[in-house]
Amino acid sequence: MRRRLLIVLLFSLVAAGGAAVAWQARVQARMVEHDLAGTRALLQQAGGISAGQLAERLVLIDQAEARALTAEGRLARFPLRQLGALPLLGRDVRVAGAVAASATGTVRATRQVVTALQPIQTGPPTRASILRAADALLGLHRTLELDLEAVRATRPLIASEARDRYLEAATGAPATAQRAGQGLKLAAGLYGPPGTARWFLAFQNPAELRGTGGLIGEYGILESSPEGPRLTTVDHYQELDHRTRKGVALPRRVARRYGRFAVDRAWSAVNIPPDMPTVGRIVSKLYQQTTGDRIDGVIAADPLAVAQVLRASGPIQAGGVRLTADNVAEETLVQAYVRYAEDDPARRRFLEQVARATFEAFRRALAEQPVELLRGLAGAARGRHVQAYSRDPAGQRALLGLGVGGSAAAPAGADYLMAVGVNAGGNKLDAYLHRALDWRVRLAADGSATATASLTLRNDVAVAGLPRNVVGPYDARFRKGVNEQIQTLYVAGGYGFTKASLDGRRVNAEAQADFGGLALTQSVGVPAGDSARLAYRLTRPTAAQRLGEDRLRYRLLLRPQATLWPDRARVAVTAPGGWRFAVLPAGARADGAAATWAGSLDQEHELVFELARG
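Remember, it's a predicted structure, so these values are computed and weren't measured experimentally. (Residues numbered from 1 in each chain as written. Predicted model: local features only at pLDDT ≥ 70, side-chain atom pairs only at ≥ 80, totals over all residues. Heavy atoms only, no water.)

1. Some thoughts on a positive patch on the surface
As a reminder, the rule being used: Patch criteria: residues need more than 30% relative accessible area and no salt bridge. Like-charged residues are merged within 9 Å; nonpolar side chains of Val, Leu, Ile, Met, Phe, Trp and Tyr are merged within 5 Å. In short, Shrake-Rupley with a 1.4 Å probe defines the accessible areas, and a residue's cover is counted only from the protein chains shown. Here a salt bridge means any side-chain nitrogen of Lys or Arg lying within 4 Å of a carboxyl oxygen belonging to Asp or Glu. Think of it this way: Lys and Arg go in the positive column, Asp and Glu in the negative one, and His and the chain ends go nowhere. Charge placement uses NZ in Lys and CZ in Arg. For Asp and Glu, CG and CD serve respectively. Helix and strand labels come from DSSP, where a helix needs a run of H or I of at least four residues and a strand needs a run of E of at least two; each type is numbered from the N terminus. Only protein chains enter the calculation, and the probe is 1.4 Å; a residue is then buried if its accessible area is under 20% of its type maximum, exposed if over 50%, and partly exposed in between.
Taken together, the side chains of Arg252, Arg253, Arg256, Arg281 and Lys285 present a region of like positive charge at the surface. Breaking the positive patch down by element, the ones donating at least two residues are helix H9 (252-258) and helix H10 (276-291). If one sorts the elements of the positive patch by residue count, H9 sits on top with 3 residues. Within the secondary structure, Arg256 sits in helix H9. Given a relative accessible area of 56%, Arg256 falls into the exposed group.

2. Some words on the packing of helix H4 (residues 91-122) against helix H5 (residues 127-152)
How we decide: Angles shown run from 0 to 180 degrees and are taken between the N-to-C directions of axes, each axis being a line fitted to C-alpha atoms and, for helices, limited to the stretch in contact. Roughly parallel refers to an angle under 35 degrees, roughly antiparallel to one over 145, roughly perpendicular to one between 65 and 115, and oblique to any angle outside these ranges. Note that Gly is not counted as nonpolar here; it falls among the polar residues with everything else outside the nonpolar set of Ala, Val, Leu, Ile, Met, Phe, Trp, Tyr, Cys and Pro and the charged set of Asp, Glu, Lys and Arg.
Running from amino to carboxyl end, H4 crosses H5 at an angle of 170°, the nearest separation of the two axes being 8 Å. Relative to H5, the element H4 lies roughly antiparallel. Of the residues contributing to the contact of H4 with H5, the split by class is 17 nonpolar, 7 polar and 2 charged.

3. Here's the deal with the pairing of strand E7 (residues 386-390)
Applicable threshold: Strands pair, by our definition, only if DSSP identifies at least two bridges between them.
Summarising burial for E7: 5 of the 5 residues are buried, a large majority. What you see with E7 is no split at all: Val386, Ala388 and Ser390 on one side and Gln387 and Tyr389 on the other are buried throughout. Pairing analysis gives 5 bridges linking strand E4 (residues 297-301) to E7, with the strands arranged antiparallel. Its bridge partner lying in E7, Val298 is registered against Tyr389.

4. Describing the sheet that holds strand E10 (residues 449-459)
Within the open sheet, the 8 strands sit side by side as E13-E12-E16-E10-E9-E19-E22-E21. Their pairing is mixed. A single partner strand is all that each edge strand has here, and the edge strands are strand E13 (505-506) and strand E21 (589-591). Bridging between E10 and strand E16 (residues 531-540) involves 10 bridges; their strand directions are antiparallel. Bridge pairing in E16 links Leu455 to Leu534.

5. As for the confidence of the model for the protein
Here is the rule we go by: A residue's pLDDT is the predictor's confidence in that residue, given on a scale from 0 to 100. Two residues qualify as a contact provided that any one of their heavy atoms is within 4.5 Å of a heavy atom in the partner residue.
Summary statistics for the protein give a mean pLDDT of 91 and a share of 95% for residues scoring 70 or more. Note that residues 1-17 has pLDDT below 50 and, in this model, 0 contacts with residues that lie over four places away or in other chains.

6. Structural notes on the packing of helix H13 (residues 344-368) against helix H14 (residues 370-382)
A pair of packed helices can be characterised by two numbers: the angle between their axes and the separation between those axes. At a minimum axis distance of 6 Å, the contact between H13 and H14 shows a crossing angle of 125°. If you check the angle between H13 and H14, you find them oblique. On H14, the residues that touch Phe362, Ala365, Leu366, Ala367 and Glu368 of H13 are Pro370, Leu373 and Leu377. The class makeup of the residues in the contact of H13 with H14 is 7 nonpolar, no polar and 1 charged.

7. Thoughts on a nonpolar patch on the surface
A grouping of Leu86, Leu88, Leu89, Leu157 and Ile158 is seen on the molecular surface, where their side chains present a nonpolar patch of about 490 Å² in accessible area. As for its placement among the helices and strands, Leu89 is situated in the loop between helix H3 (80-84) and H4. A residue is classified by how much of its surface remains accessible, and Leu89, at 52% relative accessible area, is exposed.

8. Focus on unusual backbone geometry
That bond from Phe78 to Pro79 is cis: its omega, 5°, falls within 30 degrees of zero. Residue position: Pro79 is located in the loop between helix H2 (54-75) and H3. Here Gly472 and Pro473 are connected by a cis peptide whose omega angle stands at 5°. Of note, the phi angle at Arg384 is positive, near 65°, even though the residue is not glycine. Counting through the fold element by element, Arg384 comes out in the loop between H14 and E7. The class for Arg384 is buried, based on a relative accessible area of 7%.

9. Let's talk about the nonpolar core
This is how it is decided: Only buried Ala, Val, Leu, Ile, Met, Phe, Trp, Tyr and Cys residues count toward a nonpolar core, and they belong to the same one when joined by side-chain atoms within 4.5 Å.
Core analysis: the largest hydrophobic core is formed by 85 residues, its most contacted members being Phe200, Trp439, Tyr495 and Tyr554. If we skip the residues at most four places from it in the chain, Tyr495 touches Asp415, Trp439, Val441, Ala449, Ala451, Leu518, Leu538, Thr539, Arg540 and Ala543. Counting residues in each nonpolar core, the second largest holds 57 residues, with Leu231, Ala307, Val321 and Tyr340 among its members.

10. Considerations on the side chain of Gln561
Here is the rule: What qualifies as a polar contact is a pair of N or O atoms within 3.5 Å, subject to a donor-acceptor requirement within protein and to the restriction that residues adjacent in sequence count only when both atoms come from side chains.
Looking at where Gln561 falls in the secondary structure, it is placed in the loop between strand E18 (551-558) and strand E19 (568-574). Within the structure, the side chain of Gln561 is placed 2.8 Å from the backbone oxygen of Arg210, a separation counted as a polar contact. For Gln561, the side chain forms a polar contact with the main-chain nitrogen of Gly421, separated by 2.9 Å. Here Gln561 is in contact with Leu209, Arg210, Gly211, Gly383, Ala419, Val420, Gly421 and Arg435, once residues within four sequence places are set aside.

11. Remarks on the packing of aromatic side chains
Here is the rule: Pairing of aromatic side chains here covers Phe, Tyr and the six-membered ring of Trp, requires ring centres within 6.5 Å, and sorts the geometry by plane angle: under 30 degrees stacked, over 60 edge-to-face, intermediate tilted. Think of it as a cone above the ring: NZ of Lys or CZ of Arg counts as a charge over the ring if it is within 6 Å of the ring centre and within 35 degrees of the ring normal.
By the definition in use, this model includes 10 aromatic pairs. Centre to centre, the rings of Phe497 and Tyr536 are 6.0 Å apart; their planes meet at 90°, and the pair counts as edge-to-face. Note that Phe497 is positioned in strand E12 (residues 496-502) and Tyr536 in strand E16, a separation of 39 residues in sequence. For Tyr536, a relative accessible area of 3% puts it in the buried group. Three or more aromatic residues link up through ring pairs in this structure, and these residues are Phe200, Tyr219, Trp267 and Tyr287. When the ring centre of Phe350 is taken as reference, the NZ or CZ atom of Arg339 above it lies at 5.7 Å.

12. Thoughts on the sheet that holds E4
Read across the sheet, 5 strands follow the order E3-E2-E1-E4-E7 without closing on themselves; strand pairing throughout is mixed. At either end of the open sheet lies a strand with only one pairing partner, and these are strand E3 (230-236) and E7. Across the sheet, the mean angle separating the axes of adjacent strands is 20° when strand polarity is ignored. Where H10 meets the sheet, it contacts strand E1 (198-205), strand E2 (215-223), E4 and E7, and its direction lies at approximately 60° from that of E7.

13. A word on helix H7 (residues 172-188)
The criterion, for reference: An expected span of 1.5 Å times one less than the residue number is assigned to each helix.
For H7, built from 17 residues, the straight-helix expectation of 24 Å at 1.5 Å per residue is met to within 8% by its first-to-last C-alpha distance of 25 Å. Every buried residue of H7 is accounted for by Pro174, Ala177, Gly181, Gly183, Leu184, Leu186 and Ala188.

14. Observations concerning helix H15 (residues 393-401)
Threshold: In this description, the arc belongs to the directions extending from the helix axis to the C-beta atoms.
When H15 is considered as a whole, its buried residues turn out to be Gly395, Gln396, Ala398 and Leu399. Projected down its long axis, H15 carries its buried residues within an arc of 160°, all on one side. Set apart from the buried face of H15 by more than 90 degrees, the exposed residues are Pro393 and Arg397. Summarising the contacts, the buried residues of H15 are in contact with H7, H10 and E7. One or two residues past the end of H15 sits Gly403, with phi positive at roughly 85°.

15. Remarks on the pattern of salt bridges
Pairing of side chains with opposite charge becomes possible as their charged atoms draw close. According to the stated counting rule, one finds 30 salt bridges in the structure shown. Residue Glu610 is joined to Arg551 by a salt bridge in which the shortest nitrogen-to-oxygen separation is 3.3 Å. Here the residue Glu610 occupies a position in strand E23 (residues 605-613), and Arg551 occupies one in strand E18, the gap between them amounting to 59 residues. Residues joined by salt bridges that share partners form a network here, namely Asp62, Glu65, Arg108 and Arg111.

Structure representation (structure tokens):
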């Protein structure tokens, strides 16, 4: 009996010790998780564009490194170290170890990036300082890639979901660092020997819409110099038209859809396609063929981008007019045509002065207020008021990844909606155009969809007192004050349309594949003070992604055109019978089987709805 009691007591002590070890391991694991979360938060704060001076950033990075090293230290001590040595039960500890090592490596690479970026953020950039920052970002990219590979190689036991969440959140970071590094290498090219880099600068006028934003009224040439880019030429597009003798070869799909508009040879038409990579290639080839000079890329900007430059630099003077962030769009898109109604050469000289003064303001702000300037231009890029194309493949990939590439390519695996207007009347009435998009989609349990897409155009011009070059008519084909549009609605490529209408009347519409999507096109004239509504009924067999038998995910990308007034958009999604909304995008509301979202298309919006059965 005594012997049996000793055996029971021994097993009880072992069990109690095991429970204590397990409890201690759980406590230490929670503390590791807390340390890693703190590391991530401190790194985000240190990397923010407004995080302060270098010394303040480095303090935050030192704190982040201390938290990451503390996490590694906990994993290296009892009981987690002993647990991590077990072949099966130690898998999750080894996952945590890989994540902690990744955090430490990321902190140290981030310190190099922050240190290298600080001179650019606080003073005039130089080729050397830009390249140092680029190399640091590319070094961060390599570190992140290796660390993520180490985490992917782990085999968790019960922490698979946590590891997958970490990988999902962190996977985009290496690509972002790489794109930023490549983008800075592009910028460094403009800080070099004179003329070794040359970029075409297109000043777009959204008062007369084209696919990428507006008519290229004026253009400039940016050339490299040791002190940074110089604006060597500013002229009107007609100067190039006079010198163009023949067009350039277009890809077959571009020629098939846009050849009738002479985009291959007419400088007033080169940017009718809404895809900046396509337009950039056309402009690069046509400029070299016309002038004999090679260019390295194309930058397109409009007065809303100019407004962001002036917000950072302060006002400029041109033609005796004081231009500010608040009035530059009105002065250049409308008042210039009123003031110089009978003197086109004077208006062009005024716009040239605006372009040159804006560029000097840009250089001044880049030296004195770089953070404010970059923040403003980033906002302009989100609305496509700044777009860029590079002939260098790596640079082009970076521009697309950074969101300034102006792609119109339909996204893979998602629904898609983009309204693109082209002014067909030779007037400037798009300064008064307001558009509203409405997308109503009904999903079925198998992921198919029926949808109704509509676009309402409202022409708010009051023609009294406005000159002919604003309100028209351009010639006898048109009427005064009527906004003549070639209006295209882009949807996902899998859609087919069963009905097109204009103001409720059934009409014919052109449907063509374009940039991986389906382009639905109608021509419409909207009189002054009036509106018009274009609508389409559509079907698609695979609009939503099935996530098992009882789950659906519906994604919709809303993409803007660079218009003066941002479009308004409303989206309504109806669930299949017996289904409910489990996840909604920010700003959306659900009411039973229907969910709605509404907002301004001043930037791209990706809306993700998840639905569950029952």
